[in-house]
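Survey of secondary and tertiary structure
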Amino acid sequence: MEVLKGNAGSDQNFQQLLATSTMSSGQEPIFSEYESDTSQTSKLLRKFKETPFVPLGMAGFATVVGYGLYRLKHRGDMKMSLHLIHMRVAAQGFVVGAITCGVLYSMFQEYMVKPKE
């Protein structure tokens, strides 16, 4: 590998390092997966495809928090601390449910769909 001079943290030097780093001559670069995904949105979309319940959990959490903030005005004579505790429990419950569904989905994909080897 080639030693880079100057600002080692710059993006140009990093790209040059990626271009010159190979396992041996004639093979693809070691960091090829990082070269192909250059934008943050493509990385985010790839992660969402790999784990589809993560965005569902995030959206559910945001929905519960938004609904809880909306209901904050119309809570009647309920204490604010009690309302916030209920909102927190509902949001955490949604996220834990989404994580559980994601784990079950990945186990299903790994053990039921894939075992034909």
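Summary of the structure given here. (Residues numbered from 1 in each chain as written. Predicted model: local features only at pLDDT ≥ 70, side-chain atom pairs only at ≥ 80, totals over all residues. Heavy atoms only, no water.)

Moving on: the overall build of the chain. Within the chain, the secondary structure is distributed over 5 helices and 0 strands. Traced from its N-terminal end to its C-terminal end, the chain shows the element sequence α-α-α-α-α. Counting over 117 residues, the chain shows a buried share of 10%. For the chain, contacts bridging at least 24 residues in sequence account for 31% of all contacts bridging at least 6. (Helix = DSSP H or I, 4+ residues; strand = E, 2+ residues; numbered from the N terminus. Buried < 20%, exposed > 50% of the residue type's maximum accessible area, 1.4 Å probe, protein only. Contact = heavy atoms within 4.5 Å.)

It is at 9 Å that the axes of helix H4 (residues 53-71) and helix H5 (residues 80-113) come closest, and there the two elements cross at 165°. Here H4 is positioned roughly antiparallel relative to H5, judged by the angle of their axes. As for how H4 packs across H5, the hand of that crossing is right-handed. Residues Phe53, Leu56, Gly57, Gly60, Phe61, Val64, Val65, Gly68, Leu69 and Arg71 of H4 pack against His83, Met87, Ala90, Ala91, Phe94, Val95, Ala98, Cys101, Gly102 and Tyr105 of H5. When grouped by side-chain class, the residues that make up the contact of H4 with H5 number 14 nonpolar, 5 polar and 1 charged. (Axes fitted to C-alpha atoms, helices over the stretch in contact; angles between N-to-C directions. Parallel < 35°, antiparallel > 145°, perpendicular 65-115°, else oblique. Left-handed = near helix turned anticlockwise from the far one by under 90°. Nonpolar A, V, L, I, M, F, W, Y, C, P; charged D, E, K, R; others polar.)

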